[in-house]
Amino acid sequence: MTDSFKEIIYSACKKKYGEHPHVTVTDRIEWELGLIEKHHAEESVLLAKELTDAVHVVGEEIEFSFAFQSLMTAYLLDISFVNPMPPHYHCPHCHYFERSSAAADGVDLADRKCPSCGAEMLRDGHDLNPVFFAQQAQMTNSIMWIGTTFSGLAAVEEVLQKHTPLTPLAWTNDNGDARFSGWYLAPSDRLADHEWTR
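(A) Main features of the sheet that holds strand E4 (residues 122-124). Across the sheet, 3 strands lie side by side as E3-E2-E4; this open sheet has antiparallel pairing. Sheet topology places strand E3 (97-99) and E4 at the edges, where each strand pairs with a single neighbour. Neighbouring strand axes in the sheet, compared pairwise and without regard to direction, differ in orientation by 20 degrees on average. Sheet topology note: the strand E2 (residues 88-90)/E4 ladder contains 3 bridges and is antiparallel. Paired with Tyr 89 across the strands is Arg 123, a residue of E4.

Set out below in structure tokens:
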């Protein structure tokens, strides 16, 4: 794993959790970095970030495989809006951080003022395990699903043209409807393993 990738992740972390993130946050990041390195997924995460930024520029949304939603790194990079950390409070002003077992999901935590600065704290954390990401990485061997709108399609295509090892594949639904459903991205040497429709 490259040092620049780690720098990108920790820079994004500091923007959300302050200059000195709580150890709960940094432990989660280090755990995920280990999984990403083990499954050679650094390029996939960076590509997802690039695609997200490109689609947001044209005012559209983009979705990725559910496994990405289990990654804290994806949340920090704005690839996913789902925070997979355990339920917690976080102060957006002074960055006070506190885990809580009072609810199974962070959005269900009671409102609280920050004990440090008195500001209203954010309630977050959906408690998703990055093992989902690891399992998909093992099963699909670098195949990634992407969903976006027709309006976002041009932005996606422009980015993908710069990544020649990855091949975009689109399909229609079972009744032949021409609506765009999504793309799979796969290394070209994997295409023979599957029957795809373009």
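Text resumes after the structure shown.
(B) Representation of the pattern of salt bridges within the structure. Going through the model one piece at a time under the given rule, you end up with 7 salt bridges. Asp 78 is paired through a salt bridge with Lys 16; the nearest N and O atoms lie 3.3 Å apart. On the criterion of sequence distance, the pair formed by Asp 78 in the loop between helix H4 (72-76) and E2 and Lys 16 in helix H1 (residues 3-17) is long-range, its members being 62 residues apart.

(C) How the structure looks around the nonpolar core. Counting 35 residues, the largest nonpolar core has Leu 51, Phe 68 and Leu 76 as the members making the most contacts within it. For this core, the elements supplying multiple residues, two or more each, are H1, helix H2 (23-38), helix H3 (42-57), strand E1 (62-64), H4 and helix H6 (150-160). Examining the composition of this core, we find that 6 residues originate from one element, H3, more than from any other. Membership of the second largest hydrophobic core comes to 7 residues, among which are Tyr 89, Cys 91, Leu 109 and Ala 119.

What counts and what doesn't
- Residues numbered from 1 in each chain as written.
- Predicted model: local features only at pLDDT ≥ 70, side-chain atom pairs only at ≥ 80, totals over all residues.
- Heavy atoms only, no water.
- Pairing = 2+ DSSP bridges.
- Helix = DSSP H or I, 4+ residues; strand = E, 2+ residues; numbered from the N terminus.
- Axes fitted to C-alpha atoms, helices over the stretch in contact; angles between N-to-C directions.
- Salt bridge = Lys/Arg side-chain N within 4 Å of Asp/Glu carboxyl O.
- Core = buried A, V, L, I, M, F, W, Y, C linked by side-chain atoms within 4.5 Å.
- Buried < 20%, exposed > 50% of the residue type's maximum accessible area, 1.4 Å probe, protein only.

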